[in-house]
Amino acid sequence: MGVPGKVNKAFKRQPTRLYVNGAILGYKRGQRNQHEHTSLIKISDVSDKASTEFYLGKRICYIYKAMKEVRGSKFRTIWGRVCASHGASGVIKAKFQRNLPPKSIGGRCRVMLYPSRV
């Protein structure tokens, strides 16, 4: 494959990470009621409302481990989408296909860098 004595640059490159880490803060709520269909997520290194505009429409993945192995893996995922910003400190609102379980609060998720809006 290729010319002998030359190094193929494709093998030297580091793999590209297609996500940024996020922390699940809880559900959207008022003083008395909480709405489990919308989750609040803090994205790492995002600290103001203007920075959240880039992430609108991006997909989010919550990964958790289950007891039973299905299709060769014990890991399961719940996919969602960033739908709005929340407040002025870089928190976003996200809706998931299924509501996130309460044990996910305080846990980690991945905010994917796709689909692109550029």
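In this report, we go over the structure that sits alongside the text. (Residues numbered from 1 in each chain as written. Predicted model: local features only at pLDDT ≥ 70, side-chain atom pairs only at ≥ 80, totals over all residues. Heavy atoms only, no water.)

## Some details on the overall build of the protein
At step 1: A count of helical and extended segments in the protein gives one helix and six strands.
At step 2: Put simply, the protein runs from its N terminus to its C terminus through helices and strands in the order β-β-α-β-β-β-β.
At step 3: Computed over its C-alpha atoms, the radius of gyration of the protein comes to 18 Å, more than 25% above the 13 Å expected for a compact globule of 118 residues.
At step 4: The C-alpha extent of the protein, read off along each of the three principal axes, is 70 × 40 × 20 Å.
At step 5: Every one of the 118 residues in the protein was classed for burial, and the buried ones make up 30%.
At step 6: A fraction of 60% describes how many contacts in the protein between residues 6 or more apart in sequence connect residues 24 or more apart.
At step 7: Within the protein, one finds 25 positive and 5 negative side-chain charges whose respective centroids are separated by 7 Å. (Helix = DSSP H or I, 4+ residues; strand = E, 2+ residues; numbered from the N terminus. Rg over C-alpha atoms; globule rule 2.2 N^0.38 Å. Buried < 20%, exposed > 50% of the residue type's maximum accessible area, 1.4 Å probe, protein only. Contact = heavy atoms within 4.5 Å. Lys, Arg positive; Asp, Glu negative; His and termini not counted. Charge placed at Lys NZ, Arg CZ, Asp CG, Glu CD.)

## Focus: the pairing of strand β3 (residues 59-70)
At step 1: The pairing of β3 with strand β4 (residues 73-86) spans eight bridges and is classified as antiparallel. The partner of Ile 60 across the bridge, within β4, is Gly 80.
At step 2: The turn joining β3 and β4, which pair antiparallel and follow one another in sequence, is formed by two residues; a positive phi near 55° is taken by Arg 71.
At step 3: Strand direction decides the pairing type here: β3 and strand β6 (residues 108-112), joined by two bridges, are antiparallel. Paired with Cys 61 across the bridge in β6 is Arg 110. (Pairing = 2+ DSSP bridges.)

## Some points on the nonpolar core
At step 1: Judged by nonpolar contacts, the single largest core of 17 residues is most densely connected at Ile 41, Ile 43, Ile 60, Ile 92 and Phe 96.
At step 2: Contributions of two or more residues to this core are made by β1 (19-29), β2 (34-43), β3, β4, β5 (91-96) and β6.
At step 3: Element by element, the count of residues in this core is highest for β5, at three residues.
At step 4: Excluding residues within four positions of it along the chain, Ile 60 makes contact with Ile 41, Ile 78, Trp 79, Gly 80, Arg 81, Val 82, Ile 92, Ala 94, Phe 96, Cys 109, Arg 110 and Val 111. (Core = buried A, V, L, I, M, F, W, Y, C linked by side-chain atoms within 4.5 Å.)

## A closer look at the sheet that holds β2
At step 1: Sheet architecture is closed into a barrel: six strands sit in the order β1-β2-β5-β4-β3-β6, paired in antiparallel fashion. Within this sheet the neighbouring strands show an average axis-to-axis angle of 45°, counted without direction.
At step 2: Pairing of β4 with β5, which is carried by six bridges, proceeds in the antiparallel orientation. If you follow Arg 81 over to β5, its bridge partner there is Lys 95. (Axes fitted to C-alpha atoms, helices over the stretch in contact; angles between N-to-C directions.)

## Observations concerning the packing of aromatic side chains
At step 1: Counted by the stated rule, this structure contains two aromatic pairs.
At step 2: Ring geometry for Phe 54 and Tyr 55: centres 5.0 Å apart, planes at 85°, overall edge-to-face.
At step 3: With centroids separated by 5.7 Å and ring planes inclined at 20°, the aromatic side chains of Tyr 62 and Tyr 64 adopt a geometry described as stacked.
At step 4: Judged by relative accessible area, Tyr 62 falls into the buried class, the value being 6%.
At step 5: Here Tyr 64 falls in the partly exposed class, since its relative accessible area comes to 24%.
At step 6: Between the NZ or CZ atom of Arg 17 and the centre of the ring of Tyr 19, over which it lies, the distance is 5.6 Å.
At step 7: Above the plane of the ring of Tyr 19 lies Arg 110, whose end atom (NZ or CZ) is 4.3 Å from the centre. (Phe/Tyr/Trp six-rings, centres within 6.5 Å; stacked < 30°, edge-to-face > 60°. Lys NZ or Arg CZ within 6 Å of the ring centre and 35° of its normal.)

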